[in-house]
Amino acid sequence: KNMAIHELALLVTFFGVNADTLGGVVADAAYSSCETRTGPSSGKEFTDFSRIGFTVTTTDGANVSVYADRCGLELPDGAMADGGMMYSSVSKLGIVQSRDIMPDAELEATVAARSAANPDWMPYFHLQHDDYITLKERCCAHVAAGSSGDPEGIATIQIGYDTLKLAETLKPMLEKQLL
């Protein structure tokens, strides 16, 4: 569920996809990798995606595709990304709406410098530092200005709820197709 949670939030926010409007989902079996592994600490088995591609169809008949790879392997167009990179793509009607590869060379250099300066911090703190600053600045500016409603560009609790509900609905559907 965590594999593509940010992409699912985009579907909820911009494409009207949620558990109630979900008509169906088709996994891209050639692209996806769903694996069962044993946890190193717990010794318990868990199943998760190392990469996933799928197309959802809404009850209105809209199709939206998502591709996400947190291990930086093969991209849907056959190109290769470096290990450790995160790739995501969201398309509607075959037109890419969002495509992200992270980190880019500039961010890699920034993360390396921050990691050297703060080696005891979790690596993703360095990677997401600037995003957290932006989040805090937007929320604080919204409150300081006395604005009503939600801060611009910030996911709400409702979007988070709808996204998690969509993830809970999709996971068994996708596992059934891929396991």
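Residues numbered from 1 in each chain as written. Predicted model: local features only at pLDDT ≥ 70, side-chain atom pairs only at ≥ 80, totals over all residues. Heavy atoms only, no water.

(A) Representation of the confidence of the model for the chain. Here the chain averages 84 in pLDDT, and 85% of its residues register 70 or above. Per-element mean pLDDT across the chain ranges from 68 in strand 5 (residues 86–92) up to 97 in strand 1 (residues 22–27). A low-confidence stretch, residues 79–84 stays under pLDDT 50, and its non-local contacts, those more than four residues away or across chains, total 14 contacts. (pLDDT = per-residue confidence, 0-100. Helix = DSSP H or I, 4+ residues; strand = E, 2+ residues; numbered from the N terminus. Contact = heavy atoms within 4.5 Å.)

(B) Spatial organisation of the packing of aromatic side chains. Enumeration over the complete set of coordinates arrives at 1 aromatic pair. Here the aromatic rings of Y31 and Y67 are separated by 4.9 Å at their centres, their planes lie at 80°, and the arrangement is edge-to-face. In this pair, Y31 is assigned in the loop between strand 1 and strand 2 (33–38) and Y67 in strand 4 (residues 63–69), connecting sequence segments 36 residues apart. Overall, Y31 belongs to the buried group, its relative accessible area being 5%. The ring of Y31 carries the charged tip of R51 above its face, separated from the ring centre by 5.1 Å. (Phe/Tyr/Trp six-rings, centres within 6.5 Å; stacked < 30°, edge-to-face > 60°. Buried < 20%, exposed > 50% of the residue type's maximum accessible area, 1.4 Å probe, protein only. Lys NZ or Arg CZ within 6 Å of the ring centre and 35° of its normal.)

(C) Inspection of the pattern of salt bridges at higher detail. Evaluated as defined, the whole model comprises 3 salt bridges. The closest approach of N and O atoms between E175 and K171, which form a salt bridge, is 3.0 Å. Taken together, the positions of E175 and K171, both in helix 4 (residues 157–178) and 4 residues apart, correspond to about one turn of that helix. The same class applies to E175 as to K171, namely buried. (Salt bridge = Lys/Arg side-chain N within 4 Å of Asp/Glu carboxyl O.)

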